Amino acid sequence: MNRPAAIIVSAVIALCPSACGRRTVILENRFAKGAESRYSLTSRGSGTSRVSGIPGQASAMESPFTVDLELTYRTLVKEVDPSGAATIEVAFERFISKNESGGMRMRIEADAKGARLIQGETVTGDAPGLDGLKAFFKNPTILKMDRRGQVLSVAQPSGVAAILPTVDLGNMLRQGQFLLPEKPVALRSSWRGK
């Protein structure tokens, strides 16, 4: 055996008892102040809508529909407390929703410049619901998250609660977050979240 190979084998043997003897690991997020990430979420759906009970309409009216959504956002770790929980700023950068139903096409776009509803050649900046969408882009959302990924608190942008009173942003973020296991997990094992 040549000298470099002997050194590598000796190092592996020396390190193996501590690394190879480990049977479980703790999975957790390790946040760093100033860390920034960008995300792009896309979703596509289709189905059929059915409307019935309209006076003068003999039978239910069915119409196929498609929905395409795209959301781009940025996260910035503002602070990390001694327990490892992070205060994170979430800033929405771009939102596009394309909807088609019964031959009618509608597109909603939002970014830092505002929100727009586009139907054919008509562009509207003051349609119902657009003000709430504009608020998400005007001010960032601040949330606190622990090492497991659990959302501990959410401060939604000013104006959103008044404009979108039925939207519970904190609950949406909590339910959409992937949680890591509380206890150590065995190597090569799997687990299920609730």
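Quick caveat, the model's predicted, so the values are computed rather than measured. Residues take numbers from 1 onward in each chain, read along the sequence in its written order. The predicted nature of this model means local features are confined to residues of pLDDT at least 70 and side-chain atom pairs, given and counted, to a pLDDT of 80 or more, with totals for whole chains, interfaces and linings taken over all residues. Where side-chain values are given, they derive from all heavy atoms of the structure, hydrogens and water being excluded.

Here we come to the overall build of the protein. Within the protein, the secondary structure is distributed over four helices and ten strands. Classification of the 194 residues of the protein by burial places 24% in the buried group. Per-residue accessibility takes into account occlusion by the displayed protein chains alone, with areas from the Shrake-Rupley method and a 1.4 Å probe. Within the structure as shown, the protein displays about 13,700 Å² of accessible surface, and the carbon and sulfur contribution to it stands at 55%. Here a strand is any run of E in DSSP of at least two residues, a helix any run of H or I of at least four, and the numbering for each starts at the N terminus. The classification of residues rests on relative accessible area computed with a 1.4 Å probe and restricted to protein chains. Under 20% of the type maximum is buried, over 50% is exposed, and intermediate values are partly exposed.

As a further point, take the pairing of strand β4 (residues 86-101). Pairing between strands is defined by DSSP: at least two bridges between them are needed. Pairing of strand β3 (residues 61-80) with β4, which is carried by 15 bridges, proceeds in the antiparallel orientation. Bridge assignment links E70 to a residue of β4, and that residue is I96. Hairpin remark: β3 followed by β4, antiparallel, with five residues in the connecting loop; positive phi at G84, about 95°. Linking β4 to strand β5 (residues 104-111), which pair antiparallel, is a turn of two residues; within it G102 sits at a positive phi near 55°.

The next point concerns the side chain of T72. Position of T72 relative to the elements: it lies in strand β3. Overall, the relative accessible area of 12% leaves T72 in the buried class. Residues within four places of T72 in sequence aside, it is in contact with R38, Y39, S40, F92, E93 and R94. The criterion used for residue contact is that any of the two residues' heavy atoms lie within 4.5 Å.

The subject of this paragraph is the nonpolar core. Each nonpolar core is a collection of buried residues, namely Ala, Val, Leu, Ile, Met, Phe, Trp, Tyr and Cys, held together in the definition by side-chain atoms within 4.5 Å. Ranked by internal contacts, the top residues of the largest apolar core, which has 19 residues, are I88, L130, L133 and F137. Mapped onto this core, the elements with two or more residues apiece are β3, β4, β5, β6 (114-119), α2 (130-138) and β8 (141-145). Counting residues per element, this core draws most heavily on β4, which supplies five residues. If sequence neighbours within four positions are ignored, L130 has contacts with I108, A115, R116, L117, T124 and G125.

Attention shifts here to the pairing of β8. Side-chain positions along a regular strand alternate between the two faces of the sheet. Along β8, the buried face is formed by T141, L143 and M145; none of I142 and K144, which line the opposite face, is buried. Looking at chain direction, β4 and β8 are connected through five bridges and run antiparallel. Considered in β8, the bridge of A86 is made with M145. In terms of strand pairing, β8 meets strand β9 (residues 151-155) through four bridges, oriented antiparallel. If you follow M145 over to β9, its bridge partner there is V151.

Residue-level confidence of the predictor is what pLDDT reports, using numbers from 0 through 100. Chain-level pLDDT for the protein is 79 on average; 77% of the residues reach the 70-or-more range. Confidence scores differ between elements of the protein, with helix α1 (residues 3-20) showing the lowest mean pLDDT of 45 and β8 the highest of 91. Here residues 1-15 scores under 50 on pLDDT; set against residues more than four positions off or in separate chains, the count is two contacts.

Turning next to a nonpolar patch on the surface. Patches here: salt-bridge-free residues with over 30% relative accessible area, like charges joined within 9 Å, nonpolar side chains (Val, Leu, Ile, Met, Phe, Trp, Tyr) joined within 5 Å. We define a salt bridge as a contact between a side-chain nitrogen of Lys or Arg and a carboxyl oxygen of Asp or Glu at a distance within 4 Å. A cluster of nonpolar residues, V51, I54 and M61, forms a patch on the protein surface that exposes about 250 Å² of accessible area. Inspection of the secondary structure puts M61 in strand β3.

What follows is about the environment of G132. If you trace the backbone, G132 turns up in helix α2. A relative accessible area of 0% places G132 in the buried class. Residues G132 and A115 lie 17 residues apart in sequence; the distance between their C-alpha atoms is 9.4 Å.

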